[in-house]
Every structure is written in C-alpha cells, then in structure tokens.
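Understanding the architecture of this molecule
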Amino acid sequence: MDHFAYKSGVLHAEEVPLTRIAESVGTPFYVYSSATLEHHYRVFSEAFVGQNAHVCFAVKTNGNKAVLALLARLGAGADVVSGGEMRQAIAAGIPAKRIVFSGVGKTRDELTAALAAGIAQINVESEPELRALSEFAASMGTLAPVALRVNPDVAADTHEKITTGRKENKFGIDIDQAPALFRLARTLPGIDLKGVAVHIGSQILDLEPFRQAFARLRELVLALRAEGINLERVDLGGGLGVPYHRDDPTSPPPDAYAALTREAFGDLGVRLILEPGRLIAGNAGMLVSRVVYVKEGASRNFLILDSGFNDLIRPAFYEAFHEILPVNLPAPDAPREPIDVVGPICESSDIFARQRLLPPIAPGELVAFATAGAYGAVMASTYNGRPLVPEVLVRGARFDVVRRRPTPAEMAALETVPDWLKNPAS
Ligand code: LLP
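Residues numbered from 1 in each chain as written. Predicted model: local features only at pLDDT ≥ 70, side-chain atom pairs only at ≥ 80, totals over all residues.

With respect to spatial proximity, 22 residues lie near the ligand, and among them Ala58, Ser202, Gly238, Gly277 and Tyr375 are the closest. For the shell around the ligand, the secondary structure elements donating two or more residues are helix 10 (278-281) and helix 11 (314-318). Of the residues that constitute the shell around the ligand, the class distribution is eight nonpolar, nine polar and five charged. Structurally, the shell around the ligand is a two-domain feature, drawing no fewer than three residues from each of domain 1 (4-31 + 282-413) and domain 2 (34-280). (Near = placed C-beta within 6 Å. Helix = DSSP H or I, 4+ residues; strand = E, 2+ residues; numbered from the N terminus. Nonpolar A, V, L, I, M, F, W, Y, C, P; charged D, E, K, R; others polar. Domains from an automatic or database assignment.)

Right under this line is the structure:
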C-alpha cells in the first residue's frame, strides 16, 4: 500500500503532481509520502498490541529529520548505529529513553555520549566492547543498560551484502559463546544487563528464518533463566522485506510476524523491541529524475538521467531492482522497447537498469524510481562533485522541502587550501 498514483495522466504523491515539485525544487529530488509512512507505522505497531512491544524505527533507513519527527509523533522510538544518528533522532523529538544503539564499532565518544543522553539500550556486539563500556560507565558513575546481540546462525534468503545472521558475519556474538558473555556481563561494574538482541538480515520476504532465529533466542532466554540470569527485554531487530518488482512476493503481513513473536516469547513476560526500517519507509519514497539525453548506441540505447549512483546506490551496489515510472503516463498502446537507464557518473557501474522495457521517454521528461524511501537518500554521496539531492515531504495537497539542496558555496566551504600551497614562495 502506498500513496503514489497516476491522476489525470501524471504521477502524484498523495495530491501533489511530481511535475509541480520538479518545477519548484529542480531535479533530482527524493519525495516522501507522509500518509504512506503513517500507514505502515500504524499497521506494524498495531499488530503488536497486547505484546508489550516497543517499535524503534531503524534510522539508517531514512534519517531525514521531518520523517523522524513524523514517526516520533506516532510514538516511535529509534534504532541508531552511530552518534550522528543518535543526535538526529533526539533532534527530531525521539526521547533518549526510546532509543537503542546497535553496531559493531561504537567508539568511546559514541558510547559515553549515549550514556550521557540516557538512552534506553546499548546492543553490545563483542566482549571487548562489553569491557570498554563497563569501564566507561563505571568511570562516569552510571549504569549502562545493555543487551547482548547474538548471532543465531540462520540463513536468510537475501542478498549476500545484507545478510547478517550467519556465523561468518561480523555481527553479534556467536550464540554458542553467548552464555559465557552473559555470565561475564553480570559481574562487570557499570553494566545493567537488560536483554538479548538479534538482527538476521534485511529484505527478508519469508517468515521462516525469523521463526528459526526466534526459536533459538527463546531457548537461550530459557537456558539463561535456568541459571538465574533473567532477561527482561528481547530485541528482534528489523529485516522484513518489501516488494521491489511486481513479481516479488508481498511483504510478510505484520500480523503474521506478530503471531511468530507471540508464539516464541508470549509466555516469557519480556518486553519486545522491534527495529523495522525498510517496511516502514521503503515504498513511502521515490527518487525523481530528469532525462538529459537519449543516446542511440551501436548495440543498445541509453536513457541518460540527471541522477546517478551517488543519489541512489542500490542498483549499482546490490544489483537491486527499482521500478522506473515515467512521470507522465504513457499512452496504453505506446511501444515498450529495451533500454539501459544510466546516470551521468564516469563509471561503468552507474547503471540503474539494463535493457528495461520502457515506453519512449523524451529528453526533459521526468522518471521516478519507486520504493526509494529506504536506503536511498541516506546512502547518497557527493561523488563527482554532485550535491546531495533535496528531500521533499508531501502531506495531502501540500509539500515541503525538508532537506534543501546545498549551494556550491556550502559544498566548497568545508575544504581549505593550506597557506604553503596558496603562496608557493612561503
Ligand atoms: N536493526 C539492525 C541492527 C540493522 O542492522 C538493520 C539494518 C535494521 C534494524 C533495519 O533493517 P530493515 O528492517 O530495514 O531490513 N542498505 C541495504 C540494507 C542494509 C540493512 C542494514 N541493517 C539495502 O539497501 O538493501
């Protein structure tokens, strides 16, 4: 379900034609539908009513302040993976006590900032991190609320670059070694052992890997309980996928996912923490781009856009498929021809789609990449001297620029030339 649709022959976000936003802010730009974000957040959180569950949106998916503020208003917490994301979440109005902090390489500065802010939970991923956190918390005279992230070694059928729950991944503590670390955690100063966390990967469209991971986690919780280590929280990470292609399976229904969590943990009296990202934001956003040229090559034709992999890296990085929609609805009988859709970046991998069947699209026309609300703008870079693109939030018939395009002067201002270079004689 999303709120992007053709109306009177033009692709709209809610009540706003994308052509109107393009005229106002220029291209490329990201556009988000607030109704879609709200819908997904509500459906997901309502599926867990009665389970003492806490939804912490994964900020890495979409860290735009307005998007976070919208989710904060609905009661969302945040899952953050850096001091920067923690600050973004707090600045957007998500209280520290609803923030959990994950990631394998949290630095001293990040951990002490998290403790000082009073965040809800730090998901510790290794023994060295646990010992470091213990030392920092003790020296600050405080207690760190900790969950240990375990690696349940389940295979999730997803792209190898986004699977995280296998033994060979860098994430989490091997589930067989976990009990020893839980015992250690109980003895260390400054550590308040609250729970256990997992995250098995992303873009998972089948519930079976979750069922397996949850069963292993349940066993672990019970085994620890038998030794007198009572965990009050179980953090299940994110990972629910969304369809990118019309032939993809649909997302696992939140109700069915919630039935799994109830089955695994319903009788344990624990608080659940959920960290969905893509499921909330994925189809709530599009990247809109303009066709610069149509180039007829020797063996194939190219639709050359004004956006590149620096704006949306998923196709180049993961061979990900994104639907490409002409913003002006083509005639139903328009012929569809295979064409390579590419960006302007000077690298052969700057290809959004190979031999995509598209109707004729002329230079100057707009196209929209669907399902770009998650892992889109957040993964952008300024490669090739290109500014980060603006982000626009639509609500009904209004739209607001919620991140503006930087000026060339702003982009240049961070860099300096040392004096010895400015004046070769000195
Ligand atoms: N929690 C943790 C600890 C995570 O590492 C992640 C994502 C999430 C939650 C949110 O997962 P989601 O519900 O969105 O699947 N850039 C890749 C995806 C990387 C996912 C990393 N971790 C992509 O564009 O597909």
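Grouped together as the largest cluster of nonpolar side chains are 119 residues, with contacts concentrated most on Val31, Leu148 and Ala368. Per-element accounting of this core gives the leading share, six residues, to helix 8 (residues 208-226). When residues of this core are sorted by domain, at least three fall in each of domain 1 (4-31 + 282-413) and domain 2 (34-280). With sequence-adjacent residues up to four places away left out, leucine 148 is seen in contact with Val124, Ile173, Ala178, Leu181, Phe182, Ala185, Val196 and Ala197. (Core = buried A, V, L, I, M, F, W, Y, C linked by C-beta atoms within 7 Å. Buried ≥ 20, exposed ≤ 12 C-beta atoms within 10 Å, placed from the backbone. Contact = placed C-beta atoms within 7 Å.)

Let us look at the UniProt feature "binding site: pyridoxal 5'-phosphate" (unreviewed entry) in the protein. Under the UniProt annotation, "binding site: pyridoxal 5'-phosphate" (unreviewed entry) lies at Gly239, Glu275, Pro276, Gly277, Arg278 and Tyr375. With respect to the element layout, glycine 239 can be found in the loop between strand 12 (233-235) and helix 9 (254-265). Glycine 239 sits in the buried class, given 30 other C-beta atoms within 10 Å. Glycine 239 has contacts with His199, Ile200, Gly201, Ser202 and Ile204, leaving out every residue within four places of it along the chain. Tracing the backbone through its elements, the reader meets arginine 278 in helix 10. The exposure class assigned to arginine 278 is buried, which follows from the 25 C-beta atoms found within 10 Å. Ignoring sequence-local partners within four residues, the contact set of arginine 278 consists of Thr61, Ser202, Gln203, Gly241, Val242 and Ala374. (UniProt positions renumbered as here; feature names shortened; annotations may be inferred.)

As a further point, take the environment of proline 326. Counting through the fold element by element, proline 326 comes out in strand 16 (residues 324-326). Expressed as a C-alpha distance, the spacing of proline 326 and serine 349, which sit 23 residues apart in the sequence, is 22 Å.

Our next topic: the sheet that holds strand 2 (residues 10-13). With respect to topology, three strands assemble into an open sheet ordered 1-2-3, the strand pairing being antiparallel. The outermost strands of the open sheet, each flanked by one partner alone, are strand 1 (4-7) and strand 3 (16-17). Judged from the four bridges that link them, strand 1 and strand 2 form a sheet pairing that is antiparallel. Residue pairing in the sheet places lysine 7 in a bridge with valine 10 of strand 2. (Pairing = 2+ DSSP bridges.)

Before going further, it helps to spend a moment on the domain arrangement of the protein. What the domain assignment lists for the protein is domain 1 (4-31 + 282-413) and domain 2 (34-280). Listed per partner, the contact involves 21 residues of domain 1 and 20 residues of domain 2. Top element by residues in the side of domain 1 that touches domain 2 is strand 20 (residues 391-395). It accounts for four residues. Among the residues making up the side of domain 1 that touches domain 2, the classes are represented as eleven nonpolar, five polar and five charged.

Take unusual backbone geometry next. Note: most residues except glycine have negative phi, and most peptide bonds are trans. With an omega dihedral of -10°, the bond running from threonine 27 to proline 28 counts as a cis peptide bond. By secondary structure assignment, the location of proline 28 is in the loop between helix 1 (18-25) and strand 4 (29-33). Positive phi values are uncommon outside glycine, yet serine 8 reaches one of about 45°. Considering the arrangement of structural elements, one finds serine 8 in the loop between strand 1 and strand 2. C-beta crowding within 10 Å serves as the criterion here: with 7 such atoms nearby, serine 8 is assigned to the exposed category.

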